[in-house]
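# Results of the structural survey
Residue strings, one per chain:
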Amino acid sequence: MTKVTRQAVPAWRFALIAVLLLAMVGLLVWRVLFLQVLDTDRGHTFLQGQGDARAVRREQIPAHRGLITDRNGEPLAVSTPVASIWINPQHLANHPTRWGELAAAVDISRSRLAQKVRDNRSRQFVYLRRHMAPEQADEVLALNIPGVNLQREYKRFYPAGEVAAHVVGFTNIDDEGQEGIELAYNRWLRGEPGSKRVLKDLRGNVFRDIGRETPAKPGKDLMLSIDMRLQYVAYRELKAAMKRVDARSGSIVMLDADSGEILAMVNQPSFNPNNRREMEMGSMRNRAMTDVFEPGSTVKPLTVVAALESGRYQPDTPIDTNPGHIRVNGKTLLDPVNYGVIDVTRVLTKSSQVGTSKLALDLNAQEVRGVFSRFGLGRSTGSGFPGESAGILPNRPDWSDIERVNFAFGYGLAVTPLQLAQAYAVFANKGVFKPAQLVRQKQAAQGERVVPASVAGEVLDMLKTVTGDEGTARQADMTTYSAAGKTGTVHKVGENGYADDRYRALFAGMAPASDPRIVTVVMIDEPDLNKYHGGEAAAPVFSRVVADALRILDVVPDKTPSPEQVADGEQGQRSAKDSQGRRTSA
Amino acid sequence: MQASRTKHNQASTSGRGGVGATGENGQLKTLLVALVLLALVMSSALGVVYSSYKSRKLFAELQQLDREAIHLEEEWGRLLLEQSTWASHSRVEHLAKTKLNMVVPESGDIVVVEQ
């Protein structure tokens, strides 16, 4: 029998193998640690990042834009969710068989789609169709065509349409304000978009939402001072008036006397903000705030304020306007009729150029200009409205006679309809100036006193006569409410100086005259030459608009007979009245 | 050779009695500990499964609610616009005049009653 001899293996060999194996294992462990656990240069975070870069994408969650409402909560601008379809041309290019399907679903021609893919083959993101209805977009996505994706967006709709278009403005396709309040308060309204992380596969399909990083912050709502009922009334009447007198454009501004809030601001021509495809540039301007004009006779009351403040004049101080014209620096200014000797009140009632000129020549030009400035002319209202004009109120070290006279009856300076309304509100507030507000105020502003109450009251009384039988604005008078105001008929400037046949018709007034609640300015640009005077073109619009407006605001009529008068005057006719169905007092 | 040496050790110590991890009772104890640990590991594994299932379920629910929120927002906007159209001032005025024969009262028709 052979003995199997086992030769002794040296211990060190065994140990060496063991050590080598352990070392290799250790190396592997170290490498794993290095790559996946520790935060080294090409370690854990780097590899994670690379992995994410290949699969994780951030998608934007759009923010809901704030609602714009009128002072009573009626919506003026509403955001509604829509969906936009976008394609990745690099992926879509590999599936030409499905282009026809896609084109049909999105409602474009196949050739256009092919064109788009060809033109953008180096890009990875191209909008195919924006602002589709979400159900339609979901249908497109359900076709499961590779390279087709959906992006949620918001679109603005304007329920008020053309009536409030100038004030509200509009947004562009990316939901950013472009004009009007949408632009002025864009940051307040827009909110902040959120983002979420998604996993995308090789073909760019989102196969998993891996969580929301930041939710979208919705925009904040905005309440305007506009009252849509009054806005509608003003718009309706302005539109009708434009047709009636064949005018080129027009504006109406209505302010709440007590708070300075703008209750209505309408312009013609207007546009439909919901469909801006065929819009003319000229229709977009909010002329009540952006367009300036020479105010003409509507600033005569301010000249009278200067006269009364000087102490040399009272409402009944006589002024000699004979012979009905006056020559200043070589220019002749005339009244339509020789009014003879009239008092200061009548200068306004009849809107006498001669009377005003004589006042102007007797007053300090700087003081007159000072009054105009105190009433807010030449200054912006501070509303922040894009394109708002501050008007032009020139200042000179020396005033020639003709300059002083022109200034006094409203030539040589420029104002917006809003500024004019703001100025007249001072009379409505018995001498307190309150800046115009476009956004609803929580409490009425204090304002600042710019004229003594007595002076303001005297001028208001004078303005009441303008709408009376003798005045130039008989047609501004209403059956239910009394009114006070001033007309203006202003020559427009043509190519060769002032045109003979182009005018602006103005009326600035307030009602009810006993305690004015609203101030309204009507401006009609280039009315028909048969009725171009302020009293003919603008004053009737005032009466229609304001009568409806005061009725809507539940203001008590100050011209209807009281029950006592009715009972006294019609004792014997009570049965007749009942049969006619009129309400009688208890 | 090393193996045999260990076995030899085991044999020798087991002969000494049940004290220590390597005795009869020791083996049971080890088994028990191992079983307990196994149970814990299994339960933690199940826990992972459960929590990831739960989280996916909740996430799906969240997405569903998100979709619903979009639908509701859409509907709200649509209803608001619909209401504005039906209640638009021009329409109401037109209906009041033509269908209801309403008119603005004249000055003579208004009687002011004061307390």
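Residues numbered from 1 in each chain as written. Chains lettered and ligands numbered in written order. Predicted model: local features only at pLDDT ≥ 70, side-chain atom pairs only at ≥ 80, totals over all residues. Heavy atoms only, no water.

### Some details on helix 2 (residues 24–86) of chain B
Taking 1.5 Å per residue as the helical rise, helix 2 of chain B with its 63 residues ought to reach 93 Å, and the 91 Å between its terminal C-alpha atoms agrees with that figure. Buried within helix 2 of chain B we find Gly-26, Glu-74, Gly-77, Leu-80 and Ser-84 of chain B. (Helix = DSSP H or I, 4+ residues; strand = E, 2+ residues; numbered from the N terminus. Expected span 1.5 Å × (residues − 1). Buried < 20%, exposed > 50% of the residue type's maximum accessible area, 1.4 Å probe, protein only.)

### Some words on the sheet that holds strand 20 (residues 497–511) of chain A
Residues and elements named next belong to chain A. Across the sheet, five strands lie side by side as 12-11-21-20-19; this open sheet has antiparallel pairing. Edge positions in the open sheet fall to strand 12 (262–268) and strand 19 (484–494), since each of these has one partner strand only. This sheet shows a mean twist of 10° between the axes of neighbouring strands, independent of strand direction. The pairing of strand 11 (residues 249–256) with strand 21 (residues 518–525) spans eight bridges and is antiparallel. Among the inter-strand pairings, Ser-251 is bridged to a residue of strand 21, identified as Met-523. Its contacts with the sheet place helix 19 (residues 534–552) against strand 11, strand 19, strand 20 and strand 21, and it is angled at close to 25° to strand 20. (Pairing = 2+ DSSP bridges. Axes fitted to C-alpha atoms, helices over the stretch in contact; angles between N-to-C directions. Contact = heavy atoms within 4.5 Å.)

### Some words on the interface of chain A and chain B
With 37 residues of chain A at the interface, the matching set in chain B holds 25 residues. Contact between chain A and chain B buries roughly 2700 Å² in total, counting both sides, with carbon and sulfur atoms accounting for 61%. In this assembly, chain A and chain B are joined by one salt bridge. In this structure, Arg-236 of chain A engages Glu-93 of chain B in a salt bridge whose closest nitrogen and oxygen atoms are separated by 2.1 Å. Counting every contact that joins chain A to chain B gives three residue pairs in polar contact (both at pLDDT 80 or more). Residue assignment for the side of chain A that touches chain B shows that the elements contributing at least two residues are strand 3 (75–87), helix 6 (134–142), strand 5 (148–157), strand 9 (206–214), helix 10 (228–245) and helix 19 of chain A. Partitioned by chemical class, the residues of the side of chain A that touches chain B number 16 nonpolar, eight polar and 13 charged. (Buried area = accessible area lost by both parts, 1.4 Å probe. Salt bridge = Lys/Arg side-chain N within 4 Å of Asp/Glu carboxyl O. Polar contact = N/O pair within 3.5 Å; in protein donor to acceptor, adjacent residues only side chain to side chain. Nonpolar A, V, L, I, M, F, W, Y, C, P; charged D, E, K, R; others polar.)

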